[in-house]
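Summary of structural features
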Amino acid sequence: MILKPLRFAAAAVALAGMTALSGPAALAADDTKSVKITSIVEHPALDAVRDGVVDELAERGFKEGENLEVEFQSAQGDVGIAGQIAKKFVGDAPDVIVAIATPSAQAAVAAARSRIPVIFSAVTDPVQAKLVDAPGEPKEMVSGVSDMTPVGKHLALIQEIVPSAKTIGVVHNPGEANAVVLVDAAKAAAPDLGLEIVVASAPTSGDVLQASRSLVGKADAIYIPTDNTVISAIEAVVKVGEEADIPVFAGDTSSVERGAVAAAGFDYYDVGRQTGAMVASVLKGQKPGELPVEGVDTMRLAVNPAAAERMGITLPQAVMDRAETVVE
């Protein structure tokens, strides 16, 4: 399978004869840095992380075509390809590898073997994924940003919007470590809210439609956590929701633009900017082990009233009033 090249800029561009940048963050012309970015799949949330990383680096003085070489590769949802990309990147000996999402982070850390700095991003549970040994604690050559989502708050939002809901269907990829963590979190939070969780497995994006259909007649609402396999094919879940009048909710706000009813989540561009700040610190000489693993505190509510109507419900005014983003 052919790996995808960087879309927003040419990969691995080295320009000779550069003059130094001006300003306090300027680097010497002969001190070009190399950053390799790998992501398990391309979808709006993870793409936003990548873009945020590059923009933050530029703001901190590391600019493509001037003093920074960037290469991006997507694993297209395939863990095996993620491993191949990681090995290639390690062989290229960059200054930093940025790994977006759990499977790519696991592959990068395994391939780097503490020889090259790895900064991960959008990883739900770095400890469960065996990237680090303890919450918040980096390893010598590994740190990054966790996007652990408040699943309990998501379920409470579903309950506020659909008070009659008693059973919540969750579509997930059981082979994706972060997805398993989130399903377990949903199962733990549900009883206190008087809810029951019904799980449908989708090991690949091609399984998402059938998994969603299996929830018809079993679930009063469907919740999609930040599972990259399912989010990459969320239109299939939305299709089932519209056909069967089952409202679909998501763990990331970008999915609301793609047809989910609502989501209280992170702006993944902000996650990328936060990650980019850590990458810049490493490029300036700090070791990942000196940078604590960070979480994301800011939550944003996004709603899609038209999607709600297509799935047979109306968003409460109180929810509309709180929303920062209303998809028209």
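Residues numbered from 1 in each chain as written. Predicted model: local features only at pLDDT ≥ 70, side-chain atom pairs only at ≥ 80, totals over all residues. Heavy atoms only, no water.

1. Focus on the sheet that holds strand β8 (residues 221-224)
Here 7 strands make up an open sheet; going across it, the order is β7-β6-β8-β9-β10-β11-β12 and the pairing mixed. Edge positions in the sheet fall to β7 (196-201) and β12 (325-326), since each of these pairs with one other strand and no more. With 6 bridges connecting them, strand β6 (residues 167-172) and β7 associate as parallel partners. Opposite T167, over in β7, you have E196 as the bridge partner. (Pairing = 2+ DSSP bridges. Helix = DSSP H or I, 4+ residues; strand = E, 2+ residues; numbered from the N terminus.)

2. Observations concerning the sheet that holds strand β3 (residues 96-100)
Read across the sheet, 5 strands follow the order β2-β1-β3-β4-β5 without closing on themselves; strand pairing throughout is parallel. The sheet terminates laterally at β2 (68-74) and β5 (142-146), the two strands that pair on one side only. For this sheet, the mean inter-axis angle between neighbouring strands, taken without regard to orientation, is 15°. Sheet topology places strand β1 (residues 33-39) next to β2; 7 bridges connect them, and they run parallel. Residue pairing for β2: T38 is matched across the bridge by Q73. Where helix α3 (residues 102-112) meets the sheet, it contacts β1, β3, β4 (118-123) and β5, and its direction lies at approximately 160° from that of β4. Sheet strands in contact with helix α10 (residues 268-283) are β1, β2, β3, β4 and β5, and its direction is about 170° off that of β4. (Axes fitted to C-alpha atoms, helices over the stretch in contact; angles between N-to-C directions. Contact = heavy atoms within 4.5 Å.)

3. What about the packing of helix α1 (residues 44-59) against α10?
Where α1 contacts α10, the two axes come as close as 6 Å, and the packing angle between them is 45°. The orientation of α1 relative to α10 falls into the category oblique. Once α1 is placed against α10, the crossing between them reads as right-handed. Seen from α1, the contacting residues are A45, A48, V49, D51, G52, V53, D55, E56, L57 and E59; seen from α10, they are Y268, Y269, V271, G272, R273, T275, G276, A277, V279, A280 and L283. For the contact of α1 with α10, the residue count by class is 12 nonpolar, 4 polar and 5 charged. (Parallel < 35°, antiparallel > 145°, perpendicular 65-115°, else oblique. Left-handed = near helix turned anticlockwise from the far one by under 90°. Nonpolar A, V, L, I, M, F, W, Y, C, P; charged D, E, K, R; others polar.)

4. Some details on the packing of aromatic side chains
For the coordinates displayed, the defined rule picks out 1 aromatic pair. Ring plane angle 65° and centroid distance 6.2 Å describe the contact between F266 and Y268, whose orientation is recorded as edge-to-face. The exposure class of Y268 is buried, given its relative accessible area of 6%. Looking at R50, its charged tip hangs above the ring of F72, at a distance of 4.7 Å from the centre. (Phe/Tyr/Trp six-rings, centres within 6.5 Å; stacked < 30°, edge-to-face > 60°. Buried < 20%, exposed > 50% of the residue type's maximum accessible area, 1.4 Å probe, protein only. Lys NZ or Arg CZ within 6 Å of the ring centre and 35° of its normal.)

5. Here we look at unusual backbone geometry
Despite not being glycine, R113 shows a phi value in the positive range, around 50°. Mapped onto the secondary structure, R113 falls in the loop between α3 and β4. Judged by its relative accessible area of 64%, R113 falls in the exposed class. A positive phi angle, close to 65°, is found at S114, a residue other than glycine. For S114, the location among the structural elements is in the loop between α3 and β4.

6. Some details on the pairing of β3
Burial runs high along β3: 5 of the 5 residues are buried. The side-chain alternation of β3 yields two buried faces, one formed by V96, V98 and I100 and the other by I97 and A99. Summarising the sheet, β1 and β3 pair through 5 bridges and their orientation is parallel. Its bridge partner being in β3, K36 is matched across the sheet by I97. Following the backbone out of β3, through α3 and into the adjacent parallel β4, one traces a crossover that is right-handed. (Right-handed = clockwise from strand over helix to strand, strands pointing away.)

7. Examining the nonpolar core
By size, the foremost hydrophobic cluster in this structure holds 56 residues, and its most contacted members are I37 and L57. When neighbours within four sequence positions are excluded, I37 is seen to be in contact with R50, V53, V54, V70, E71, F72, Q73, F89, V98 and I100. Counting 55 residues, the second largest nonpolar core, distinct from the first, contains V183, V230, A236 and M311. (Core = buried A, V, L, I, M, F, W, Y, C linked by side-chain atoms within 4.5 Å.)

8. What about helix α5 (residues 177-189)?
Spanning 13 residues, α5 covers 19 Å between terminal C-alpha atoms, matching the ideal 18 Å at 1.5 Å per step. Residues N178, A179, V181, L182, V183, A186 and A189 constitute the buried set of α5. Contacts made by the buried residues of α5 are with α3, α4 (151-161), β6, β7 and α7 (228-231). (Expected span 1.5 Å × (residues − 1).)

9. Description of the pattern of salt bridges
Under the criterion given, the structure shown has 18 salt bridges. Of the charged contacts, one joins E59 and R273 as a salt bridge, the two residues approaching to 2.7 Å between their closest N and O atoms. In this pair, E59 is assigned in helix α1 and R273 in helix α10, connecting sequence segments 214 residues apart. Among the residues examined, R273 registers a relative accessible area of 18% and is labelled buried. Here E242 and R310 are joined by a salt bridge, their closest N and O atoms 2.8 Å apart. Of this pair, E242 sits in helix α8 (residues 234-244) while R310 sits in helix α11 (residues 305-310), placing them 68 residues apart in sequence. On the basis of relative accessibility, which here comes to 29%, the residue E242 falls in the partly exposed class. (Salt bridge = Lys/Arg side-chain N within 4 Å of Asp/Glu carboxyl O.)

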